[in-house]
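Residue-level structure breakdown
The lines below spell out each chain.
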Amino acid sequence: MRNLLNVIRFEVVRSLKKPSFWLAALLVPVLFTAYIFICAMVGYNTGNSIESGSAVADLKLAVVDKSDYLKYFNFTNEADEEQSLQQYEEFDDALRDLKNRKIDVLYYIPSDFIENQNVEIYSKIEQNSITDDYKAPIAALLNQSAKKNVKTIDAKILSSELNYTTTTFDATDDHVIDFKEQLTKLVAPAAAIILFYILMAVLGNRLSVAMTEEKENRISELLLVSLKPIHLITGKIISLMIIGIIQLTILLIPVAAIYYLGLQRGIIPAEFAISLDIQSVLTYLALLIASYFLFTAINVLIGTLVSTAKEASSFAGFIVIIMIIPFMLLNVFTDGDNTTLVYILSYFPLSAPLSLMLRAVFNNLPDWELLIGISDIILTSFIITHIATRVFRRNAVDFSLKNNLKRFGKTRKDWS
Amino acid sequence: MPVTDNIVEVDHFRIKIGGKTIIKDLSFSVKRGEIFGLLGSNGCGKTTTIRALLGIYEATSGELKINGEKFSPDSSVKIGYLPEERGLYKKESVIDVMAHFGKLRGMRRAKAWSLRYLNQVGLREYAKTRIDKLSQGQQQKIQLGITIMNQPDLLILDEPTKGFDPVNRKLLMDIIDDLHRRGCTIILITHYMDEVEKLCDNILLLKNGTACAYGKVMDIRKRFRYKNLDQIFIDIYGNKETTRA
């Protein structure tokens, strides 16, 4: 036990000391943050150009409508939302107030507006491009008014202005679920898929070469005299899992911060405010950890069988392909029917992690099957860890893959 | 556990690897406190025997015991082993690697001991240097430090002076001498017969998976008409007829 802790401490500390670890760990959140920032900037600029715009939000606006086009617009009520907007009956009164700085911008809609679609804009701010900036509020106002002017059902259908009321029943117990509830159910398995994929992408290579270092540097013999192989292998697996958890934490902190700030500032719509279901989070966290355990154990086993990092990377790439087969067969899961192929993929340990997560996302996974799936993955991981330990003990000082594979077969015979 | 005179006992050891018999039938023992030479030409099975003794290889048949039991890292006997294929965690600092191996062997003050040793061998200033930044000779000193850091009861040195310059060779000989005087048993695998003549009490010469000579250095020399060990080695491994001791 003492040596197990020594191995874990040594492996974790030396990983954390490496600049490459921090580079890999920070690169994903930095890129993600940059992506969100760029999206937000693009959204902000677009919003400025199509809506009334925050640049004129603080100005006092006035309208003189001689065309009666705004007759359905209730200035008394709706102007409360846009407190700076007021209506004048007479153009001269409005112009006088503009000159006296009681208002900042005056929009004059002449009586021939319907024929000519011309709006006059008056302002007292001395900037060359000022009228460009002031187009947006009146455009928005006219737009709203135009919508109010559409009266017939035919016009509403043509302009897609219909109201929809959606009612969805849960497949398992027929109770009515709302959008938020669906989102809550979806978030944990969807997050598990994304995080597992990131772990495979970011740590895959590190895992695959984790066991070859001892062979390539000729340390195995010295280690075998100093500690039991089970302590080395288990210590490696646990330390790699700790490193993965640290990596995910570094990733999740900025994501959570961006999400929280986005909600607070209204960049993310309020209907996307997720209330997490703790039981669901813990269940899919268990599935994620079990899946990562399996992925780590397989990579460690590969490391015990091969002699160089290059060989290990090749084999690990093959394993990743098998593990992401459910992605390649996505339509099997989206169809919603639990076909034989779905069951095979869900219970074959290598494809089980993503299969279970996908089935959960597409609302097609009963709890009991999820529990069996997690147990299946954990049990397989322990068996692989045991095999890796035996193989390492036998193959630690042999640097030929061919011999190792031969002896691997022999090792299995020895156990029976 | 009954304590016997012999710290190492090998009885009718046989091992087959990849369909090839490496050791046919080997029996020998090493007394506590002695320096024992395990000799033979390249590929005759010296390293395989040591690996089997340390549990790295599984014997096909026979018994290999250290301190009366099959070796395991949890054994009460403290082992220092300098393997033939030796290396270290190249991208880690000297002190981190030494402290790690010290802790694996249950040392409480592994770091302090390591710093004292580095000071002794003139590498104190390299304590925080990455191992791959050191010269080959400096790395050998680190490996030697790791081998002896737990004050071993049994020290197994597999071609310890291979690649050593005369200065490091002298340093190693001094360390072996010091440990031997403190009661440490040493098994030495080497091709340098002058080292064997100077250091070893008993020797075993392996050929074709069996012991072709085994006993005290003087007795073996007497059997070979007082030739020096170099000449005896050439006689045996130059395919001349030999009698098994």
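Here the structure is a predicted model, which means the values were calculated and not measured.

**As for unusual backbone geometry**
Even without being glycine, R101(A) reaches a positive phi, approximately 65 degrees. Residue position: R101(A) is located in the loop between α4 (91–99) and β3 (105–109). One non-glycine residue, N208(B), lies in positive phi territory at about 50 degrees. Structurally, N208(B) can be placed in the loop between β8 (202–207) and β9 (210–216). Since its relative accessible area comes to 55%, N208(B) is described here as exposed.

**Let's talk about the sheet that holds strand β4 (residues 120–123) of chain A**
Residue and element names in this part refer to chain A. Overall, mixed pairing links the four strands, which are arranged β2-β1-β3-β4 in an open sheet. Looking at which strands have only one partner, the edges of the open sheet turn out to be β2 (85–88) and β4. Put simply, the sheet's adjacent strands are angled 25 degrees from each other on average, direction ignored. Pairing of strand β1 (residues 61–65) with β3, which is carried by five bridges, proceeds in the parallel orientation. The partner of L61 across the bridge, within β3, is V105. Across the face of the sheet, α4 comes into contact with β1, β2, β3 and β4 while running at roughly 165 degrees to β3.

**Examining the pairing of strand β7 (residues 185–189) of chain B**
Regular strands have side chains that alternate between both faces of the sheet. All names here are of chain B. Taken across its five residues, β7 has five buried, putting it largely inside the fold. Because side chains alternate across β7, one face comprises the buried residues T185, I187 and I189, and the other comprises I186 and L188, equally buried. Where strand β3 (residues 35–40) meets β7, four bridges bridge the pair, whose relative direction is parallel. Counted as the bridge partner of G37 is L188 from β7. Across five bridges, strand β6 (residues 154–158) lies against β7 in parallel orientation. For I156, the partnering residue across the bridge sits in β7 and is I187.

**Some words on a nonpolar patch on the surface**
On the surface, Y197(A), F327(A), L330(A) and F362(A) cluster together to form a nonpolar patch covering roughly 330 Å² of accessible area. Along the chain, L330(A) turns up in helix α16 (residues 330–334).

**A look at the domain arrangement of chain B**
Residues and elements named next belong to chain B. When the domains of chain B are assigned, the result is domain 1 (1–78 + 153–245) and domain 2 (86–150). At the interface, 14 residues of domain 1 touch 10 residues of domain 2. A buried area of about 980 Å², summed over both sides, lies between domain 1 and domain 2, and 63% of it is on carbon and sulfur atoms. In this structure, the connection of domain 1 to domain 2 is made through one residue pair in polar contact (both at pLDDT 80 or more). Mapped by element, the contributors of at least two residues to the side of domain 1 that touches domain 2 are β6 and α5 (166–181). Broken down by element, the side of domain 1 that touches domain 2 gets its largest block of residues, five residues, from α5. The class makeup of the residues in the side of domain 1 that touches domain 2 is eight nonpolar, two polar and four charged.

About the cut-offs
- Residues numbered from 1 in each chain as written.
- Chains lettered and ligands numbered in written order.
- Predicted model: local features only at pLDDT ≥ 70, side-chain atom pairs only at ≥ 80, totals over all residues.
- Heavy atoms only, no water.
- Helix = DSSP H or I, 4+ residues; strand = E, 2+ residues; numbered from the N terminus.
- Buried < 20%, exposed > 50% of the residue type's maximum accessible area, 1.4 Å probe, protein only.
- Pairing = 2+ DSSP bridges.
- Axes fitted to C-alpha atoms, helices over the stretch in contact; angles between N-to-C directions.
- Contact = heavy atoms within 4.5 Å.
- Patch = residues over 30% accessible without salt bridge, like charges linked within 9 Å, V, L, I, M, F, W, Y side chains within 5 Å.
- Areas by Shrake-Rupley, 256 points an atom, 1.4 Å probe, with all protein chains shown as cover.
- Salt bridge = Lys/Arg side-chain N within 4 Å of Asp/Glu carboxyl O.
- Domains from an automatic or database assignment.
- Buried area = accessible area lost by both parts, 1.4 Å probe.
- Polar contact = N/O pair within 3.5 Å; in protein donor to acceptor, adjacent residues only side chain to side chain.
- Nonpolar A, V, L, I, M, F, W, Y, C, P; charged D, E, K, R; others polar.

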